[in-house]
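This is what each chain is made of:
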Amino acid sequence: MATTDVTLQGAPGRLERKPVVNDMSIQVATVNGSGSQSSNTVLLRSIFQMGVPVSGKNLFPSNIAGLPTWYTIRANKDGYIARKKEIDFLIAMNAETAHEDVLSLAAGAAVLYDEPLSLNSLRNDLTFYAVPYDKLVAAVCPEAKLRKLVKNMIYVGVVARLLDLDMAEVEKALRKQFAKKLKAANLNMAAAQAGFDYAAANLKKQDPFRIVRMDKNLGKIIIDGNSAAALGCMFAGVTVVTWYPITPSSSLVETLIDYMKEHRIGPDGKATFAIVQAEDELAAIGMVIGAGWAGARSMTATAGPGISLMAEFAGLAYYTEVPGVIWDIQRVGPSTGLPTRTSQGDILSTAFLSHGDTKNILLIPNSVSECFEMATDAFNLAEQFQTIVFVMSDLDLGMNNWMSDPFKYPETPINRGKVLSKEDLERLGTFSRYKDVDGDGIGWRTLPGTDHPAAAYFARGSGHNEKSQYSERPDDFERNMERINRKFETARSFVPRPEVVSAGKSKIGIIAYGTSHWALVESRDQLKKEYNFEADYLRLRAYPFTREVHEFVEQHERVYVVEQNRDAQMLSLLKLDVRPELVTRLRSISHIHGLPLDARSVTDEIMTMEGK
Amino acid sequence: MATTDVTLQGAPGRLERKPVVNDMSIQVATVNGSGSQSSNTVLLRSIFQMGVPVSGKNLFPSNIAGLPTWYTIRANKDGYIARKKEIDFLIAMNAETAHEDVLSLAAGAAVLYDEPLSLNSLRNDLTFYAVPYDKLVAAVCPEAKLRKLVKNMIYVGVVARLLDLDMAEVEKALRKQFAKKLKAANLNMAAAQAGFDYAAANLKKQDPFRIVRMDKNLGKIIIDGNSAAALGCMFAGVTVVTWYPITPSSSLVETLIDYMKEHRIGPDGKATFAIVQAEDELAAIGMVIGAGWAGARSMTATAGPGISLMAEFAGLAYYTEVPGVIWDIQRVGPSTGLPTRTSQGDILSTAFLSHGDTKNILLIPNSVSECFEMATDAFNLAEQFQTIVFVMSDLDLGMNNWMSDPFKYPETPINRGKVLSKEDLERLGTFSRYKDVDGDGIGWRTLPGTDHPAAAYFARGSGHNEKSQYSERPDDFERNMERINRKFETARSFVPRPEVVSAGKSKIGIIAYGTSHWALVESRDQLKKEYNFEADYLRLRAYPFTREVHEFVEQHERVYVVEQNRDAQMLSLLKLDVRPELVTRLRSISHIHGLPLDARSVTDEIMTMEGK
Amino acid sequence: MATTSSTPAPKINRIGLSVMEYKGGKTTLCAGCGHNAISERIIDAMYEMGVQPERVAKLSGIGCSSKSPAYFMSRSHSFNSVHGRMPSLATGAMLANRNLLTLGVSGDGDSASIGIGQFVHLMRRNLPMVYIIEDNGVYGLTKGQFSATADVGSKLKTGVVNDLPPIDTCSLAIELGATFVGRSFSGDKRQLHSMLKAAIAHRGTVMLDVISPCVTFNDHEGSTKSYKYMKDHEEPLQDINFVPYFEEIDVEYDAGTTVEVTMHDGSRLRLRKIEESYDATNRIGAIQRLLEAHDKQEVLTGVLYVNSTAPTFIDLLNITEEPLATLPESVTRPSREVLEQCMEELR
Amino acid sequence: MATTSSTPAPKINRIGLSVMEYKGGKTTLCAGCGHNAISERIIDAMYEMGVQPERVAKLSGIGCSSKSPAYFMSRSHSFNSVHGRMPSLATGAMLANRNLLTLGVSGDGDSASIGIGQFVHLMRRNLPMVYIIEDNGVYGLTKGQFSATADVGSKLKTGVVNDLPPIDTCSLAIELGATFVGRSFSGDKRQLHSMLKAAIAHRGTVMLDVISPCVTFNDHEGSTKSYKYMKDHEEPLQDINFVPYFEEIDVEYDAGTTVEVTMHDGSRLRLRKIEESYDATNRIGAIQRLLEAHDKQEVLTGVLYVNSTAPTFIDLLNITEEPLATLPESVTRPSREVLEQCMEELR
Ligand SMILES: Cc1ncc(C[n+]2csc(CCOP(=O)(O)OP(=O)(O)O)c2C)c(N)n1
Ligand SMILES: Cc1ncc(C[n+]2csc(CCOP(=O)(O)OP(=O)(O)O)c2C)c(N)n1
Ligand code: SF4
Ligand code: SF4
Ligand SMILES: [Mg+2]
Ligand SMILES: [Mg+2]
């Protein structure tokens with residue numbers, strides 16, 4: 001399988017020799033389970049430490065070992081970290097895919113390959129470097145059974161030499177990677193060095209790609225979105241976490257477990273949290289709702305299939321008004337689909353999750369720092385609005401490594417929403433659970449265990465009046481449903497506002513969200529540079545839409561809505577929400593292939609649609 | 001609880017005495033489990049047999065016995081059978097609700113009450129008739145423990161006398177009701193007669209309401225939508241039925257069981273079908289999909305909570321392209337909501353049921369005859385398009401009794417879609433399950449058990465290519481998803497077309513669907529008569545929308561979309577589907593209180609929105 | 001306290017509440033429904049045990065049985081949820097507030113049909129709660145279809161006969177890890193009353209399957225969950241005598257035929273054996289005896305299994321004593337320094 | 001048949017197929033995964049039994065185990081469905097076509113965690129199918145979290161210890177109504193092979209729990225589902241000898257220590273007891289012995305329970321012999337007269 005969607009190339013062509021500095025895509029084609037993850041991380045970190053903006057994307061199969069995997073590192077001096085369509089530097093370790101991988105490269109790319117693969121005969125418009133890995137590894141690693149694990153570190157050394165990476169940075173990255181395992185670190189360092197030395201002695205640099213030290217990454221961290229979310233949840237004060245493993249969400253909770261064990265055990269050795277692996281997603285959300293009802297900050301993390309299974313319970317929470325946070329790390333659906341590929345395909349079904357009239361709040365992070373921040377937002381909003389808040393991350397964000405400024409400590413206190421304490425009840429005497437006393441649609445609630453005879457109310461998924469008594473009265477039902485809708489309207493002013501970048505007086509707007517953002521950053525520059533085409537930009541961060549979203553559509557003649565699904569799901573929500581007069585302005589750019597969105601596709605498509 | 005939503009009335013007023021013939025709403029307010037269902041059916045049938053168009057709507061609580069229930073019979077010479085807001089003739093049997101029931105009547109109504117309730121003192125703008133039920137029943141029914149069951153038949157006799165019903169018709173209806181129980185029939189007939197005699201001797205007719213024989217019901221039948229659907233499924237050739245009981249869908253399958261046992265047992269005494277009570281809705285849909293994959297015509301019936309639970313499996317069927325039929329007898333959601341009240345609240349979540357990009361075909365019957373016909377349509381479309389077809393009925397249609405012309409025998413043969421037999425395979429040698437050989441998006445399938453070495457394919461919810469082999473290739477995935485979408489587009493030309501009634505050159509259009517239709521029939525007449533306001537009308541019968549729907553919106557300046565939910569769900573689907581330029585034309589009239597829609601509300605609302 | 005009135009003071013329990021404080025709303029179930037009797041027994045047991053109503057959380061699924069929490073203990077919080085999934089809600093609630101006394105009420109359809117998955121995993125966890133199945137062998141609320149506890153050969157009013165084997169929720173619960181399992185009958189006031197009191201004292205999952213006839217749909221000839229059938233086939237294993245920890249008075253008991261189990265809170269559960277060989281602390285024996293009962297068409301009642309020492313799910317999770325629900329921000333949000341440390345590790 | 005070639009004709013089975021015709025695609029599971037061995041045994045058993053591949057329907061849920069149907073019998077239809085819900089699909093498929101030989105492959109996570117609800121109800125129905133759990137105590141495909149069959153005290157590579165009791169799918173299956181229940185080990189070629197052949201011959205629900213080590217996540221010291229642990233703790237109950245109905249040759253057997261079960265199709269299953277007192281036809285005894293095994297930390301393998309006379313779900317439903325799937329319209333659509341009659345009743 002080729003991971004790029006460019007047409008296969010094989011024709012000879014002249015090679016450009018102009019140096020290309022700090023702007024390249026390096027792809028490692030390997031086999032999963034072969035331990036190349038460490039090598040790739042070291043390579044990524046080495047470039048990062050060189051001060052060059054970088055991103056790493058893992059394209060892995062849905063099995064455990066033995067199938068093709070591609071890891072793509074993009075280094076870019078301008079900070080473009082979206083997927084790039086073209087691969088500049090291929091590290092071909094996998095016999096199974098090597099041919100197709102090589103054939104799909106654009107002319108001028110470089111290929112580093114395992115000597116026995118003899119790839120150099122395939123094309124004559126590429127630069128080829130052969131490395132006898134087996135020979136090299138045998139020399140550095142006497143223990144035969146460890147060789148498989150160490151072999152991959154060799155290409156790190158070779159690449160360091162070819163791209164001009166500082167071996168000191170490689171060593172630093174490598175020692176960080178094997179922090180607790182000195183022996184492994186030494187062994188791997190030897191392998192990297194062997195690669196470097198081999199390259200120095202045997203390979204003649206012929207490709208134009210080079211890394212030169214910059215200072216763009218000062219103070220920055222590298223983290224994946226799921227770990228960032230985990231940190232965010234811990235600092236949001238989460239107390240009950242439930243989960244059922246599913247790619248790509250499992251690592252969110254697994255990292256959270258580690259963090260919580262380290263930082264949330266009280267001085268008495270007791271946990272200030274509970275994390276439970278549930279028997280399935282129905283149980284996971286059930287526990288979240290039970291805990292939310294009883295007053296915990298509760299959450300779970302899942303992916304599409306889990307979201308579908310949660311549909312009935314989500315309606316219960318919506319209608320009984322119980323807070324909870326659900327992370328949907330989106331992967332490609334429908335059904336099992338492509339479980340190890342990224343998408344933004346659950347927007348519509350999650351917004352309307354459950355039968356009857358339901359509408360859910362969605363938050364949509366685009367970066368690891370937003371994963372961190374929106375964790376707090378999500379819990380605060382969930383408790384403020386007494387409803388489930390879905391955080392719509394995706395596989396690309398959740399499971400890949402991203403650079404980021406360090407996260408900021410949350411400066412505002414936790415908002416636990418409208419909860420009446422025993423003392424409040426003593427003052428008030430009584431309360432009506434579902435009464436809109438404040439005009440924002442939100443009633444006051446009490447927690448089970450509140451020691452006051454008037455504290456109890458009867459939560460039920462069936463019709464009820466303001467006092468939460470059973471009611472089948474048409475007027476009670478209608479009034480209650482309208483109040484719940486009022487909450488949703490109120491939420492518009494409280495959910496995270498969009499990021500708006502105005503190009504000046506452009507008549508064209510682009511709307512994107514989540515990880516599509518990174519392609520848009522680059523695409524807008526391409527549009528400007530290559531076509532002198534300037535567009536304003538709005539990055540959605542939440543549903544329901546805030547005032548700014550409506551204004552943005554209002555202010556532009558044409559608005560392109562870019563997303564990673566087939567059915568233009570966010571565009572659909574926009575169509576339902578903007579003034580009907582404005583619907584004609586909305587145009588869709590949608591992709592559904594499971595690869596992170598790239599800038600070039602967007603640029604081309606906008607230009608085609610603009611008739612250029 | 002008052003079942004009407006008019007303001008409480010209590011002020012004295014002058015009574016009109018003009019006779020009101022064949023135009024009234026009779027409401028029996030009683031307690032469930034008290035056996036009044038038989039009496040009400042006899043009353044309904046008696047009027048039906050008098051040739052006067054009639055409908056009966058049961059408003060019952062979500063428990064088994066002892067709570068207030070209202071049964072409303074509407075008789076109308078013009079054939080208006082929607083719920084009418086005002087009650088003309090109240091039969092007050094339930095002490096608990098009698099006061100509110102009486103207070104909510106409009107001036108001029110008549111009240112028949114159980115003497116001890118002394119309701120006549122409540123207002124002086126109504127006609128009151130008292131009946132000493134206990135005394136009367138004691139006389140006709142010596143066995144004390146049967147009295148409770150027989151007592152209700154007395155009011156049938158009283159009403160017959162007061163409204164001028166022919167006692168011969170009452171007797172006919174009653175003997176039909178107790179067809180297999182002669183003793184019960186006789187006892188009940190005596191009770192009815194006692195009521196009639198008592199009324200003749202003691203009650204002075206003071207209200208204006210009368211039934212006069214007409215001939216509008218010749219050859220007609222009375223049936224509820226669920227039974228009609230059951231019949232339809234049997235004649236559609238259903239072979240596998242699974243279910244999990246849930247109001248208001250249970251009676252569909254329970255009736256189907258009876259019909260199938262009578263008419264679908266082979267000469268060898270063996271069933272040509274299987275009906276299985278599953279352990280829950282996840283299993284019910286799983287069995288439907290397993291059976292559909294293996295070649296059965298399979299179905300289940302459920303309501304909102306079941307639909308939500310089916311979300312994950314629905315996506316599997318969508319993506320593996322397995323046929324099946326799911327009846328959603330809609331009730332009021334979200335969550336348990338009002339399980340014994342009607343709504344059209346599952347439209348949006350069912351259309352997009354499941355994560356990822358899914359879109360489902362919906363059929364929407366408005367009448368018992370369409371329940372019958374659409375059963376065949378649903379199975380044919382499901383097999384033709386290899387997808388699940390949802391039939392969106394509702395509680396009002398499914399559980400209430402409706403008059404209808406007799407159902408027409410399906411004249412076209414069953415369409416089993418594209419299935420390759422052993423012989424086909426012998427001819428073809430091979431096949432690709434998911435290849436669009438015919439340009440309509442629909443591939444050919446084979447059934448397990450087909451005796452040919454090339455018959456087998458591997459169905460999977462994960463990414464696959466045309467040959468149904470596992471694939472994670474971006475291009476395979478995208479191509480496949482687009483083909484599935486093409487099926488949906490093809491379906492537009494095959495789903496039932498809307499019913500369009502053109503008023504001539506009106507600029508105003510009304511769109512409604514399902515049971516809302518009956519209010520619209522009447523409302524459009526009201527609009528015309530009372531406001532000289534003519535509107536064209538389109539009744540949707542399916543999603544995706546056909547050409548006619550787009551043309552209708554195209555042809556009208558303003559289009560009111562009338563529905564029974566909070567969030568204007570069908571309007572939302574229309575917004576997503578019509579040309580963006582036309583979205584401004586769409587206006588919503590939505591209700592969510594669980595009572596069947598009435599014409600007056602619609603009329604008033606349209607006039608308000610029209611500024612009149 | 002001096003009282004001038006001559007009317008006798010209302011009877012109160014050890015925390016000063018009258019039985020009225022344990023009542024609920026008016027039932028909307030059928031007159032004669034077994035479920036109503038169970039509600040009465042719960043009221044009495046809670047009253048006698050002097051449980052603070054505010055400490056109790058009542059949870060249920062969907063069904064006639066699941067409606068019943070509305071008919072007792074209005075001073076307790078309650079959650080009438082979705083069909084078959086109450087166990088997960090209860091689990092979440094207990095995680096949030098370990099001090100709650102959680103009482104789940106379910107039906108046989110709610111637990112053994114749609115709900116068997118969550119039931120199984122609840123039992124496995126030994127979550128401290130009292131889980132009652134009001135077992136009538138049918139779906140009452142949807143008008144009388146068979147549930148998965150219906151016995152083979154049991155006949156519906158319509159003549160339909162059940163031919164699938166019943167799920168014995170008690171043997172299942174014992175096998176899966178519940179630590180207090182009993183079966184009783186809504187018509188057996190004394191037994192059910194004692195069993196409920198012991199259940200309240202137990203720490204761990206208490207699973208009580210209470211046969212509770214549905215007078216409307218399953219109380220006829222041919223039903224094996226009818227009042228009559230229970231009268232004819234009930235086989236009590238023991239006389240149950242429960243002595244709460246706060247009761248001083250004690251009497252001698254015959255150690256030969258009586259087993260005494262000391263509960264977590266110091267209460268004592270005394271089981272005077274009717275069936276000689278039955279040992280309620282023997283897990284495997286209990287399951288075996290239950291399986292045999294089916295073959296003999298007996299309905300064994302009594303405390304089938306009790307283990308008062310196994311760790312509960314809350315113990316295993318090592319949760320802090322204070323309810324998680326109300327931990328202050330100072331405890332739930334780590335410090336600025338912790339964040340800085342985490343950031344440093346990522347550089 | 002005369003053959004001119006001197007190369008030996010490929011070995012074929014009684015329906016004329018070579019073992020190649022039973023192969024599947026290349027496995028994508030880890031080298032050494034127990035699941036691969038099970039696929040091999042299935043291929044062999046199907047081949048030897050001379051099963052027409054086209055008659056077989058393979059169904060699975062989600063997991064490494066559930067992928068395995070892709071790796072055997074490519075000539076059979078297959079459905080790799082959703083996580084934990086294969087039983088309902090299999091049920092539907094069997095309803096549609098009662099002539100299929102339905103083979104379900106599941107994992108311990110797929111069956112005992114998310115899927116336990118459908119598992120329970122499948123067993124209850126005694127649906128004729130072979131249901132195999134490839135049991136490794138972990139979720140392989142999601143990278144090694146505990147499943148609900150993990151033993152208490154079992155340790156993950158990360159050091160996490162399981163403290164919840166395991167679900168024994170075999171004792172559950174027996175209790176709930178399955179009519180052929182066995183446990184085996186992917187490393188025990190001979191036993192598994194015989195068991196699978198008997199399974200193919202049985203009519204009713206066959207539930208086989210096959211311990212199948214996950215070499216990547218659960219084959220280390222501290223795991224109770226590792227190759228080593230199984231070698232040390234496996235306790236076979238019998239020598240299993242299966243004689244298919246089409247095999248003429250027969251040998252005397254020692255009736256004293258051997259139990260012979262005649263299968264539905266006339267095949268004979270001979271169990272030469274290793275454990276003297278074990279009687280695989282005694283339902284209650286089998287459950288009891290299984291429960292005891294846990295306490296003793298034994299892994300009992302062999303045919304745990306067999307009942308070859310109980311009616312299957314298809315029998316109970318009284319479905320016509322011809323597959324429902326392909327009944328002609330003349331049978332499935334009643335006549336015009338029937339409709340007229342129905343209409344008349346409604347007038
Ligand atoms: C998801 C879902 N499916 C079906 C129903 C319909 N339903 C309501 S109660 C019930 C069965 C109740 O039976 P049981 O738990 O035995 O309670 P009982 O009424 O007999 O006390 C069913 C099937 C529902 N509410 N939700
Ligand atoms: C609804 C849903 N939840 C979660 C997952 C993720 N998932 C895939 S396989 C698996 C567990 C598989 O474990 P098991 O059945 O034991 O199979 P094994 O891989 O161990 O053979 C899980 C949780 C999923 N596919 N679907
Ligand atoms: S229907 Fe049955 S279970 Fe329900 S309330 Fe009535 S008697 Fe009880
Ligand atoms: S991860 Fe484990 S279960 Fe999955 S294929 Fe590898 S060894 Fe087998
Ligand atoms: Mg029940
Ligand atoms: Mg497993």
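Residues numbered from 1 in each chain as written. Chains lettered and ligands numbered in written order. Predicted model: local features only at pLDDT ≥ 70, side-chain atom pairs only at ≥ 80, totals over all residues. Heavy atoms only, no water.

All right, on to the overall build of chain C then. Along chain C, the regular secondary structure elements total 12 helices and 13 strands. On C-alpha atoms alone, chain C measures out to a radius of gyration of 22 Å, which is about the 20 Å that the 2.2 N^0.38 rule sets for 347 residues. Counting only C-alpha atoms and orienting by the principal axes, one finds that chain C spans roughly 70 × 65 × 45 Å. Among the 347 residues that make up chain C, the fraction classed as buried is 65%. When contacts within chain C are restricted to residue pairs at least 6 apart in sequence, those whose partners lie at least 24 apart make up 70%. Accessible surface for chain C amounts to roughly 12200 Å². Of this, 52% is attributable to carbon and sulfur atoms. Taking the average location of the 34 positive side-chain charges in chain C and that of its 42 negative ones, the two points are 5 Å from each other. (Helix = DSSP H or I, 4+ residues; strand = E, 2+ residues; numbered from the N terminus. Rg over C-alpha atoms; globule rule 2.2 N^0.38 Å. Buried < 20%, exposed > 50% of the residue type's maximum accessible area, 1.4 Å probe, protein only. Contact = heavy atoms within 4.5 Å. Areas by Shrake-Rupley, 256 points an atom, 1.4 Å probe, with all protein chains shown as cover. Lys, Arg positive; Asp, Glu negative; His and termini not counted. Charge placed at Lys NZ, Arg CZ, Asp CG, Glu CD.)

Attention now moves to the coordination of the magnesium ion (ligand 6). Residue and element names in this part refer to chain D. Surrounding the magnesium ion (ligand 6) are the protein donor atoms Asp108 (OD), Asn136 (OD1) and Val138 (O), at 2.1 Å. Ordering the donors of the magnesium ion (ligand 6) by residue number gives the pattern D-x27-N-x1-V. Linking Asp108 in helix α4 (residues 108-113) with Val138 in strand β5 (residues 138-139), this pair joins segments that are 30 residues apart in sequence. For the pair Asp108 and Val138, one class covers both residues: buried. (Donors = N, O, S within 2.8 Å, 3.2 Å for Na, K, Ca; no water.)

Chain-level statistics for chain C give a pLDDT mean of 95 and a share of 98% at 70 or above. Confidence estimates for the predicted assembly give a pTM of 0.97 and an ipTM of 0.97. (pLDDT = per-residue confidence, 0-100.)

Ordered in space as β18(A)-β2(C)-β1(C)-β3(C)-β4(C)-β8(C)-β7(C)-β13(C)-β9(C), the 9 strands form an open sheet in which the pairing is mixed. Pairing within the sheet leaves two strands with one partner each, and these edge strands are β18 (458-460) of chain A together with β9 (234-236) of chain C. Strand-to-strand twist across the sheet, computed as the mean angle between neighbouring axes with direction ignored, equals 20°. Looking at chain direction, strand β4 (residues 129-135) of chain C and strand β8 (residues 205-211) of chain C are connected through 7 bridges and run parallel. Opposite C:Met129, over in β8(C), you have C:Thr205 as the bridge partner. Each of β4 and β8 of chain C is contacted by helix α5 (residues 116-125) of chain C, which is oriented at about 145° to β4(C), the strand it contacts most. (Pairing = 2+ DSSP bridges. Axes fitted to C-alpha atoms, helices over the stretch in contact; angles between N-to-C directions.)

Residue-level contacts link 75 residues of chain A with 58 residues of chain C. Interface area for chain A against chain C, summed over the two sides, is near 5200 Å², with a carbon-plus-sulfur share of 63%. Considering only the side of chain A, the residues that lose the most area to chain C are A:Trp293, A:Tyr409 and A:Phe458, jointly responsible for 12% of the buried surface there. Our count for the chain A to chain C interface comes out at 3 salt bridges. Between the two partners, chain A and chain C, sit 24 residue pairs in polar contact (both at pLDDT 80 or more). Of all the secondary structure elements, the ones that give two or more residues to the side of chain A that touches chain C are β9 (221-224), α7 (225-235), α8 (250-263), β11 (274-277), α9 (281-293), α11 (311-320), α13 (368-385) and β18 of chain A. A per-element tally of the side of chain A that touches chain C places α9(A) first, with 8 residues. Taken together, the residues that form the side of chain A that touches chain C break down as 42 nonpolar, 19 polar and 14 charged. (Buried area = accessible area lost by both parts, 1.4 Å probe. Salt bridge = Lys/Arg side-chain N within 4 Å of Asp/Glu carboxyl O. Polar contact = N/O pair within 3.5 Å; in protein donor to acceptor, adjacent residues only side chain to side chain. Nonpolar A, V, L, I, M, F, W, Y, C, P; charged D, E, K, R; others polar.)

All right, on to the nonpolar core then. By size, the foremost hydrophobic cluster in this structure holds 443 residues, and its most contacted members are A:Leu231, A:Trp327, B:Leu231 and B:Trp327. Each residue touching B:Trp327, except ones within four places of it in the same chain, is listed here: B:Ala229, B:Cys233, B:Leu252, B:Met299, B:Thr300, B:Ala301, B:Thr302, B:Cys371, B:Ala375 and B:Val391. (Core = buried A, V, L, I, M, F, W, Y, C linked by side-chain atoms within 4.5 Å.)

All right, on to the pairing of strand β14 (residues 338-342) of chain A then. Residue and element names in this part refer to chain A. Most of β14 is tucked away, with 5 of its 5 residues classed as buried. Across 2 bridges, the pairing between strand β13 (residues 324-332) and β14 is antiparallel. From the neighbouring strand, Arg331 faces β14, where its bridge partner is Thr342. Between β13 and β14, which pair antiparallel in sequence order, lie 5 residues; one of them, Ser335, sits at a positive phi of approximately 55°.

Around ligand 4, the surrounding shell consists of A:Ile64, D:Leu29, D:Cys30, D:Cys33, D:His35, D:Cys64, D:Asn136, D:Cys214, D:Val215, D:Thr216 and D:Phe217. Around ligand 4, the nearby residues trace back to chains A and D. Of the residues in the shell around ligand 4, the class split is 8 nonpolar, 3 polar and no charged. (Near = heavy atom within 4 Å.)

Attention now goes to the side chain of C:Arg85. Tracing the backbone shows C:Arg85 in the loop between β2 (77-80) and α3 (86-96). A relative accessible area of 6% means that C:Arg85 is categorised as buried. The contact partners of C:Arg85, leaving out residues within four places of it in the chain, are A:Leu282, A:Phe313, B:Asp280, B:Leu282, B:Leu309, C:Ile114 and C:Gln118.

Moving on to the coordination of the magnesium ion (ligand 5). Residue and element names in this part refer to chain C. Here the magnesium ion (ligand 5) is held by the protein donor atoms Asp108 (OD), Asn136 (OD1) and Val138 (O), which lie 2.1 Å from it. Mapping the donors of the magnesium ion (ligand 5) onto the primary sequence yields the spacing D-x27-N-x1-V. Of this pair, Asp108 sits in helix α4 (residues 108-113) while Asn136 sits in the loop between β4 and β5 (138-139); the two residues are 28 residues apart in sequence, bridging distant segments of the chain. Overall, Asn136 belongs to the buried group, its relative accessible area being 4%.

Bringing the site of ligand 1 into the picture now. As a structural note, the neighbourhood of ligand 1 is formed by 23 residues, with B:Glu281, C:His35, C:Ser65, C:Asp110 and C:Gly140 the closest of them. Nearby residues around ligand 1 are contributed by chains A, B and C. C:Cys64 has a polar backbone atom sitting 2.8 Å from an oxygen atom of ligand 1. Backbone polar atom of C:Gly109 to an oxygen atom of ligand 1: 2.8 Å apart, as the coordinates give it. Relative to its unbound accessible surface of 590 Å², ligand 1 loses 98% to contact with the protein. Mapped onto the shell around ligand 1, the elements with two or more residues apiece are α10 (304-309) of chain B together with α2 (64-67), α4 and β5 of chain C. Broken down by element, the shell around ligand 1 gets its largest block of residues, 3 residues, from α4(C). Looking at the shell around ligand 1 residue by residue, the class counts come to 10 nonpolar, 9 polar and 4 charged.

Glancing now at unusual backbone geometry. A cis amide bond links B:Thr247 with the next residue in sequence, B:Pro248, at an omega value of 5°. Backbone geometry at A:Asn22 places phi at a positive 50°, although glycine is not the residue there. In this fold, A:Asn22 is placed in the loop between β1 (20-21) and β2 (23-31). Residue D:Asn318 is not a glycine yet carries a positive backbone phi of 55°. Mapped onto the elements of the fold, D:Asn318 is located in the loop between α10 (313-317) and α11 (329-332).

Quoted interface sizes are often the accessible area lost when the parts come together. Residue and element names in this part refer to chain A. When cut into domains, chain A gives domain 1 (20-210), domain 2 (223-404), domain 3 (422-491) and domain 4 (499-609). Of the residues lining the interface, 15 residues belong to domain 1; the matching set on domain 2 comes to 11 residues. The largest share of the area that domain 1 buries against domain 2 comes from Lys57, Phe60 and Ser62, three residues that together contribute 43% of it. Joining domain 1 to domain 2, the criterion identifies 1 salt bridge. Of the charged contacts in the structure, one is a salt bridge between Asp396 and Lys57, with a shortest N-O distance of 2.9 Å. (Domains from an automatic or database assignment.)

Right, let's get into helix α1 (residues 34-49) of chain C. For the α-helix, the turn length of 3.6 residues means that residues three or four positions removed from each other point alike. Residues and elements named next belong to chain C. The terminal C-alpha atoms of α1 lie 23 Å apart, and with 16 residues this matches the ideal 22 Å at 1.5 Å per residue to within 8%. Among the 16 residues in α1, 12 count as buried, and that is most of the element. Considered for burial, the residues of α1 that qualify are Gly34, His35, Asn36, Ile38, Ser39, Arg41, Ile42, Ile43, Ala45, Met46, Tyr47 and Met49. Gly50 occupies a position one or two residues after α1 and carries a positive phi of about 65°. (Expected span 1.5 Å × (residues − 1).)

The operation relating chain A to chain B is a screw motion whose rotation component is 180°, with 0.0 Å of axial translation and a residual RMSD of 0.0 Å. Look at the turn and shift together and you get a two-fold axis relating the two. Taken together, the interface assignments show that 100% of the residues at the interface of chain A recur at the interface of chain B, consistent with an identical surface on both copies. (Least-squares fit on C-alpha atoms with pLDDT ≥ 70 in both.)

The way to describe two aromatic rings as a pair is by their centre distance and the angle between their planes. All names here are of chain B. Counting across every chain of the model gives 36 aromatic pairs over all chains. On the numbers, 4.8 Å between centres and 20° between planes, the contact of Phe372 with Phe407 is stacked. In this pair, Phe372 is assigned in helix α13 (residues 368-385) and Phe407 in the loop between β17 (401-404) and α15 (422-428), connecting sequence segments 35 residues apart. Both residues of the pair, Phe372 and Phe407, count as buried. Pairing Trp402 with Trp518 gives two aromatic rings, centres 5.8 Å apart and planes at 45°, and the pair type is tilted. One end of the pair, Trp402, is in strand β17; the other, Trp518, is in helix α17 (residues 516-531), with 116 residues separating them in the sequence. Neither residue differs from the other here; Trp402 and Trp518 are each classed as buried. (Phe/Tyr/Trp six-rings, centres within 6.5 Å; stacked < 30°, edge-to-face > 60°.)

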